[in-house]
Amino acid sequence: MPGQQTSYALTVAVLCASLLVSFGLWKYAQDHAEQKLQAEFDFHAEEIISHIQQRMVAHEQVLHGVRALFRGSDNITQDDFRTYVDSLRLEELYPGIQGLGHNVLVPHAQKEQHIAEIRAQGFTDYNIHPAGDREQYTPVIFLEPFTGRNRRAFGYDTFHEPVRRKAMVASRDSDQATMTGKLTLVQESGENMQAGFLLFLPLYNNGMPHETLAERRSNAYGWVAAVFRMDDLMAGLGHPQSEDLDLVIYDGETTTKEARMFDSGDSIPTAAAPLLSTTQTIVNNGRTWTTVIESTPGFEAQFDRNLPLITGIAGIAFSVLLTLLAHAFVRARDNARKHAESEERWRYALEGAGDGVWDWDVQADHVTYSRQWGEMLGYTEQEIGTSFSECWKHTHPDDIEVVKTELQAHLDGRTPAFVNEHRMRQKDGYWVWVLDRGMVIQRAKDGTPLRMIGTHTDITERKLAEHELQGQRDFNNALLEAAGNVITVLDTDGRFVYFNPAAEKLTGFRRDEVLGQPVWDWDIPGEQQPGVKRVFENLKA
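Note that the coordinates shown come from a computational prediction; the quantities given were computed from them, not determined experimentally.

Participant: Looking at this structure, how should I read the overall build of the chain?
Facilitator: Counting its regular elements, the chain contains 17 helices and 18 strands. Among the 541 residues that make up the chain, the fraction classed as buried is 45%. Long-range contacts, defined here as pairs at least 24 residues apart, represent 60% of the contacts in the chain between residues at least 6 apart. For the chain, the accessible surface area stands at approximately 27600 Å², while carbon and sulfur atoms represent 52% of it.

Here you go:
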């Protein structure tokens, strides 16, 4: 009888201690799971923003290529324009571009003559629309692909509509690509409606100056434009795991329903508020977008936040039978606390402020490097050369062949753009990571590249963050496997789901023998098994 009382007292003592320890373990594990979820969310949110910016840069470079086509000749025909746009393979390489177009400036006095000229080209029903007398018109006379919904925009006077007009005037006056606000495109037919916008780049009379505002206004004769539908533009954006985040894009700096341009979660309603959310602004070609990125239940489910609770409950049940396991859980709690504190000191690196720009005359091998390009490496403008070999002088020997191969692939026309991440040496000998992006904007008729422009972005902090994140993941896995303490995990059915090497060494059982087996089949006297089973039945009740 005294022995039974002692055993009972010891069991109660271990159970009470296990309750306290298990609560501590649960709390620390919960904090760790939330930190890990936040880190993954931040990484993929930054990835989405970066991909949006990269995609818009690539699309702007496409528009520069179209302008180069018009600069190369004073007599571009419909067939010339169609052939050029077909060569770009828009649908395959530049998702989201509904079409590329050309607007011409037509004074009121020349309206009838203009209409007659276009009809003489075979478009007998051509007219400028909407109808009405205006001081000047900017009808769409080229638009490719000239099929389906794009035909509705043929002859459309974009200057009459305030949102489009504002962007066209700003583009003309600044000689920069300028984006409109949110629009309903003329191409929309009422089915599968999407918000849209246009990107304009001005055309000036060849050979005429356009350095000053007055010269630009006097010598502008039209625009080239890219037409975008937001849902198509955002399709396939980011890493597959990023698809479990809800992305909403608003035009401007307000997050109203009227300003909303895109919502990846429109078809996935949920009553629960997201656990994680971030709001950021992006400035594209003179237009501000506000992005709201939220976690979805699918994203949150990838990280089992109930596991700490299960671990604590399983620890209580197992402590009734093995007091030594209580000590193991105390050690595990200390390790979890140290790991959580280490995780709190870890942060994602952000991209450095400012990009370096380079402009390459390929045939002459003459490169103009911006001041920021040199400062990124610690050099003044006077210390930077004017050939492309300047890049190779600073590129890491282990990276240079890959960079050259990918650059040559783009020069040969085998890739839509040149994008590479590599290391470059600063003046003081320090190596930095750069994101190098560029595109050939002018080619000869035989495809020979003539001019290429690009940017350098310092991504050293991001690279360091990626390396540190991978190290933390490897550390977590190694910690569990290398722990000298017994660590096991049971599910709510009382079956082993994890059995570390220390447990194998202590019990003499192999992991593959134990996993999936109920705990009462291993070293539990038969008379105690019903009581253990009832514990787990009560847990599931």
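After that view of the structure, there is still more to cover.
Participant: Whenever I open this one, the side chain of D157 confuses me. Can you help?
Facilitator: With respect to the helices, strands and loops of the structure, D157 is situated in the loop between β4 (140–144) and α5 (162–174). For D157, a relative accessible area of 0% gives the class buried. A polar contact is formed between the side chain of D157 and the backbone nitrogen of F159, at a distance of 3.1 Å. Residues contacting D157, with those up to four places away along its chain left out, are I128, H129, R134, Q136, Y137, T138 and P139.

Participant: I tried to follow the environment of G374 on my own but got confused; where do I start?
Facilitator: Tracing the sequence through the fold places G374 in helix α11 (residues 371–376). Judged by its relative accessible area of 1%, G374 is buried. The sequence separation of G374 and K427 amounts to 53 residues, and the corresponding C-alpha distance is 9.7 Å. Among all residues touching G374, those that are not within four sequence positions of it are Y379 and I384.

Participant: Can you walk me through the side chain of H102 in this structure?
Facilitator: Looking at where H102 falls in the secondary structure, it is placed in strand β1 (residues 97–104). In contact with H102, not counting residues within four places along its chain, are F70, P139, V140, I141, F142, L203, Y221, W223 and V224.

Participant: It is not clear to me how the sheet that holds strand β16 (residues 449–458) should be interpreted in this structure. Could you clarify?
Facilitator: Sheet strands pair by backbone hydrogen bonding; their relative direction is either parallel or antiparallel. What the five strands build is an open sheet, ordered β13-β12-β16-β15-β14; its pairing is antiparallel. On the outer flanks of this sheet lie β13 (366–369) and β14 (418–425), each paired with one strand and no other. Ignoring strand direction, the axes of neighbouring strands in this sheet form an average angle of 25°. As paired strands, strand β15 (residues 431–443) and β16 are joined by nine bridges and run antiparallel to one another. Paired with V434 across the two strands is D458, which belongs to β16. Against the sheet, helix α13 (residues 400–411) makes contact with β12 (355–361), β14, β15 and β16, and its axis sits at roughly 150° relative to β14, the strand it touches most.

Participant: Please clarify how the nonpolar core should be interpreted in this entry.
Facilitator: Soluble globular proteins tend to pack their nonpolar side chains together in the buried interior. F81, L100, F197, M230 and W289 are the most contacted members of the largest nonpolar core, which has 55 residues in total. The greatest single-element share of this core, amounting to 12 residues, is contributed by helix α1 (residues 2–71). Excluding residues that lie within four positions of it along the chain, F81 makes contacts with V66, L69, F70, I76, L100, G101, F142, L143 and E144. In terms of nonpolar packing, the next biggest core, distinct from the first, is built from 21 residues, L411, F418, M424 and V434 among them.

Participant: Even after reading the chapter, I still don't get the pattern of salt bridges, so can you show me in this structure?
Facilitator: Where side chains of opposite charge bring their charged atoms close, a pairing between them can arise. Counting across every chain of the model gives 25 salt bridges. Across the salt bridge formed by R134 and D157, the nearest N and O atoms sit 2.8 Å from each other. Highlighted residues: R134 in the loop between α4 (111–120) and β3 (136–137) and D157 in the loop between β4 and α5, separated in sequence by 23 residues. Each member of the pair, R134 together with D157, is buried. The salt bridge partner of D263 is R260, with a shortest N-O separation of 3.9 Å.

Participant: Any chance you could explain the packing of aromatic side chains here in plain terms?
Facilitator: Any pair of aromatic rings gets described here by the distance separating the centres and the angle formed by the planes. Tallied over the entire structure, the rule returns 15 aromatic pairs. With a centroid separation of 4.2 Å and an interplanar angle of 35°, the aromatic rings of Y369 and W373 are classed as tilted. By relative accessible area, Y369 is classed as buried at 9%. The exposure class assigned to W373 is buried, which follows from its relative accessible area of 1%. If you follow R165 out to its NZ or CZ, it ends over the ring of F159, 4.2 Å from the centre. Taking the ring centre of W392 as reference, the NZ or CZ of K404 above it sits at 5.3 Å.

Participant: Help me understand the sheet that holds strand β8 (residues 245–251), please; the structure alone is not making it clear to me.
Facilitator: The antiparallel open sheet is built from four strands, whose spatial order is β9-β8-β11-β10. Strand pairing shows two members of the sheet lacking a second neighbour, β9 (260–263) and β10 (277–284), which therefore form its edges. The sheet shows a mean angle of 20° between the axes of neighbouring strands, taken without regard to direction. Taken together, the seven bridges between β8 and strand β11 (residues 287–295) define a ladder with antiparallel strand orientation. Within β11, the position partnered with Y250 by the bridge is T290.

Participant: I would appreciate a short explanation of a nonpolar patch on the surface in the present structure.
Facilitator: A contiguous nonpolar surface patch, about 200 Å² in accessible area, is contributed by I313, V535 and L539. Judged by relative accessible area, which is 37%, L539 ranks as partly exposed.

Participant: Would you take a moment to explain α5 for this structure?
Facilitator: For the α-helix, the turn length of 3.6 residues means that residues three or four positions removed from each other point alike. Across its 13 residues, α5 extends 18 Å between first and last C-alpha, which sits within 8% of the 18 Å expected from 1.5 Å per residue. Among all positions of α5, only R164, A167, M168, S171, R172 and D173 are buried. Buried residues along α5 sit in contact with β5 (178–179), β6 (196–204), α6 (213–219) and β7 (220–229). Sitting at the amino-terminal end of α5 is E161, which places a side-chain oxygen 3.1 Å from the backbone nitrogen of V163.

Participant: Help me understand the pairing of β4 in this model?
Facilitator: Consecutive side chains of a regular strand alternate in pointing toward one face of the sheet and then the other. With respect to burial, β4 is a largely interior element, five of its five residues being buried. The pairing of β1 with β4 spans four bridges and is antiparallel. When the sheet's bridge partners are listed, H102 is paired in β4 with F142.

Participant: Got a minute to help me understand unusual backbone geometry in this structure?
Facilitator: Working note: non-glycine residues mostly have negative phi, and peptide bonds are mostly trans. Backbone torsion omega between H129 and P130 reads 5°, so that peptide bond is classified as cis. Relative to the helices and strands, P130 is located in the loop between α4 and β3. A cis amide bond, omega 0°, links E144 with the succeeding residue P145. Looking at the element boundaries, P145 is found in the loop between β4 and α5. A positive phi angle, close to 55°, is found at D175, a residue other than glycine. Here D175 lies in the loop between α5 and β5. D175 sits in the buried class, given a relative accessible area of 17%.

About the criteria used
- Residues numbered from 1 in each chain as written.
- Predicted model: local features only at pLDDT ≥ 70, side-chain atom pairs only at ≥ 80, totals over all residues.
- Heavy atoms only, no water.
- Helix = DSSP H or I, 4+ residues; strand = E, 2+ residues; numbered from the N terminus.
- Buried < 20%, exposed > 50% of the residue type's maximum accessible area, 1.4 Å probe, protein only.
- Contact = heavy atoms within 4.5 Å.
- Areas by Shrake-Rupley, 256 points an atom, 1.4 Å probe, with all protein chains shown as cover.
- Polar contact = N/O pair within 3.5 Å; in protein donor to acceptor, adjacent residues only side chain to side chain.
- Pairing = 2+ DSSP bridges.
- Axes fitted to C-alpha atoms, helices over the stretch in contact; angles between N-to-C directions.
- Core = buried A, V, L, I, M, F, W, Y, C linked by side-chain atoms within 4.5 Å.
- Salt bridge = Lys/Arg side-chain N within 4 Å of Asp/Glu carboxyl O.
- Phe/Tyr/Trp six-rings, centres within 6.5 Å; stacked < 30°, edge-to-face > 60°.
- Lys NZ or Arg CZ within 6 Å of the ring centre and 35° of its normal.
- Patch = residues over 30% accessible without salt bridge, like charges linked within 9 Å, V, L, I, M, F, W, Y side chains within 5 Å.
- Expected span 1.5 Å × (residues − 1).

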